[in-house]
Amino acid sequence: MFKLFSNKNGNTSETADSWSVGTFDEDGKPLIVRVNNGLKQIAGKSEFVFRVGLAIPFLHSMEDGMPSGDEHQNIFWKIEDELFKFYAIKDEKYLNSDQRGLLCATLTGDGMKEFILYAKNDEINDLLNILKAKFPGYLFSNYVELDKKWDGYKKIRYKFGK
């Protein structure tokens, strides 16, 4: 997983839907970071207390560690869609009663993509089984940590967000 908290320079822009997107230098290679700044109002104040990290190496990375355009569009966008389905995320800006998780950041570079979410529970096996079945050949590394105060999100947002 990425060394998120080193002091690197980069460019960040905030998108209309409260996401910041920036390109940074990570050990001489590009790192693209998306951070959901819209979650700052509920950070540490919600029932989403488990930080879930899911890292997936690219099968076809370029020399600089970024994915090929085809792989990113045809595979990783679909993986993100599966995360939205699994965690019942209907709209990134609004919570709903059946929602089980929130996507707070993505990191792309160094030969992999990492998704960072906050979830109501620490169960990830069902999600991993779905992803492995739909995306054979890809490896999925993960962690789940209790993070009631959302310290991980706050560090990422401080480093890369607005």
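This structure is a prediction, so every number in the text was calculated from the model and none was measured.

## With respect to the overall build of the protein
Here is step 1: Counting its regular elements, the protein contains three helices and seven strands.
Here is step 2: Going from the N terminus to the C terminus, the protein shows its helices and strands as β-β-β-β-α-β-β-α-β-α.
Here is step 3: Across the 162 residues in the protein, those meeting the buried criterion constitute 46%.
Here is step 4: If you take every contact in the protein between residues at least 6 apart in sequence, the share linking residues at least 24 apart comes to 66%.
Here is step 5: Approximately 8,500 Å² of the protein is accessible, and the part contributed by carbon and sulfur atoms is 49%.

## Some thoughts on the nonpolar core
Here is step 1: Ile56, Ile79 and Phe140 are the most contacted members of the largest nonpolar core, which has 22 residues in total.
Here is step 2: When contributions to this core are tallied by element, the ones reaching two or more residues are β4 (50–57), α1 (69–86), β6 (112–119) and α2 (125–134).
Here is step 3: Top contributing element to this core by residue count: α1, with five residues.
Here is step 4: Residue contacts for Phe140: discarding those within four places in its chain leaves Leu54, Ala55, Ile56, Ile79, Leu128, Leu131, Lys132 and Phe135.
Here is step 5: Counting 17 residues, the second-largest nonpolar core is a separate cluster that includes Val33, Ala43, Ala105 and Trp150.

## Structural notes on the environment of Glu82
Here is step 1: Looking at where Glu82 falls in the secondary structure, it is placed in helix α1.
Here is step 2: A C-alpha to C-alpha distance of 8.3 Å links Glu82 and Ile130, two positions 48 residues apart in sequence.
Here is step 3: Non-local contacts of Glu82, meaning those with residues more than four positions away in its chain, are made with Ile130, Leu131, Lys134 and Phe135.
Here is step 4: Of note is the side chain of Glu82, whose polar atom sits 3.1 Å from the side chain of Lys134.

## What about helix α3 (residues 151–160)?
Here is step 1: Those residues of α3 that sit buried are Gly152, Tyr153, Ile156, Lys159 and Phe160. Taken around the axis of α3, the buried residues stretch over an arc of 135°, which confines them to a single face.

## Things to note about α2
Here is step 1: Of all the residues in α2, the buried ones are Leu127, Leu128 and Leu131. End-on, the buried residues of α2 take up no more than an arc of 95°, which puts them together on one face. Turned more than 90 degrees away from the buried face of α2 sit Asn129 and Ala133, all of them exposed.
Here is step 2: On its buried face, α2 is in contact with β4, α1 and β7 (141–146).

Conventions used here
Residues numbered from 1 in each chain as written. Predicted model: local features only at pLDDT ≥ 70, side-chain atom pairs only at ≥ 80, totals over all residues. Heavy atoms only, no water. Helix = DSSP H or I, 4+ residues; strand = E, 2+ residues; numbered from the N terminus. Buried < 20%, exposed > 50% of the residue type's maximum accessible area, 1.4 Å probe, protein only. Contact = heavy atoms within 4.5 Å. Areas by Shrake-Rupley, 256 points an atom, 1.4 Å probe, with all protein chains shown as cover. Core = buried A, V, L, I, M, F, W, Y, C linked by side-chain atoms within 4.5 Å. Polar contact = N/O pair within 3.5 Å; in protein donor to acceptor, adjacent residues only side chain to side chain. Arc of directions from axis to C-beta.

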